[in-house]
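A look at the structure
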Amino acid sequence: MKIHITEAFSVKGTLYVKFQSPSGNATALWSGTTPENNEILDVEFDLDDVFSWGKNIKLSNKKTPHITTINGVTQITAEVIKNQDEECAALKINDSIILIDLEKPMAEKTGWVQVSTARIRLYPTNI
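What counts and what doesn't
Residues numbered from 1 in each chain as written. Predicted model: local features only at pLDDT ≥ 70, side-chain atom pairs only at ≥ 80, totals over all residues. Heavy atoms only, no water. Pairing = 2+ DSSP bridges. Helix = DSSP H or I, 4+ residues; strand = E, 2+ residues; numbered from the N terminus. Axes fitted to C-alpha atoms, helices over the stretch in contact; angles between N-to-C directions. 1 Å grid on protein atoms, 1.4 Å probe; cavity = no way out; pocket = protein on both sides within 12 Å on 5 of 7 lines; lining within 4 Å. Points joined across faces, edges and corners; volume = space filled by probe spheres on them. Nonpolar A, V, L, I, M, F, W, Y, C, P; charged D, E, K, R; others polar. Patch = residues over 30% accessible without salt bridge, like charges linked within 9 Å, V, L, I, M, F, W, Y side chains within 5 Å. Areas by Shrake-Rupley, 256 points an atom, 1.4 Å probe, with all protein chains shown as cover. Salt bridge = Lys/Arg side-chain N within 4 Å of Asp/Glu carboxyl O. Lys, Arg positive; Asp, Glu negative; His and termini not counted. Charge placed at Lys NZ, Arg CZ, Asp CG, Glu CD. Buried < 20%, exposed > 50% of the residue type's maximum accessible area, 1.4 Å probe, protein only.

Right, let's talk about the sheet that holds strand E12 (residues 120-124) for a bit. Strand order in this closed barrel of five strands is E1-E2-E3-E12-E4, and the pairing throughout is mixed. For this sheet the average axis-to-axis angle between neighbouring strands, irrespective of direction, equals 50°. The pairing of strand E4 (residues 40-47) with E12 spans five bridges and is antiparallel. Looking across to E12, one finds that valine 43 is bridged to proline 124.

Okay, empty space enclosed by the protein next. Taken as a whole and assessed by the stated rule, the structure comprises one cavity of 30 Å³ or more. Within this model, the largest cavity holds a volume of roughly 30 Å³. Around the largest cavity, the lining residues are Phe51, Ser52, Trp53, Leu102, Glu103, Lys104 and Met106. The residue makeup of the lining of the largest cavity, split by class, is four nonpolar, one polar and two charged.

It is worth spelling out a negative patch on the surface at this point. Together, Asp48, Glu86, Glu87 and Asp101 give the surface a local cluster of negative charge. With respect to the helices and strands, aspartate 101 occurs in strand E10 (residues 96-102).

One pass over the structure, following the stated rule, counts two salt bridges. Here aspartate 49 ties to arginine 119 by a salt bridge, and the two come within 3.8 Å at their closest N and O atoms. In this pair, aspartate 49 is assigned in the loop between E4 and strand E5 (50-51) and arginine 119 in the loop between strand E11 (111-117) and E12, connecting sequence segments 70 residues apart. On the basis of relative accessibility, which here comes to 46%, the residue arginine 119 falls in the partly exposed class.

Everything listed here is a matter of coordinates, which is why it stays silent on function.
In structure tokens:
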């Protein structure tokens, strides 16, 4: 996904970025060299969490991709495009695919979901 870095900052030696994307604005851990403010980068999302239905993943009545960070928790609204595996599912947010680990299989095989996580990391792919 292409993002626009609005701010890079460090907290106790850990690098974070605030960014804008076609689906919204959020904050994430950053892996790689410190990006410049206003830099536009292509990144891969890593949601370092195990998702459990009803806890940190649920159905969404919204049918458009969205990403936001509120009080340190990132919420992503995405479409389930593949859920045939007991251990993971594929979510689509705009033109990007995010794989998530599941605690147990989801009953929903398609549709829109909202995932919540405090552990989102971005990896630049165009370095």
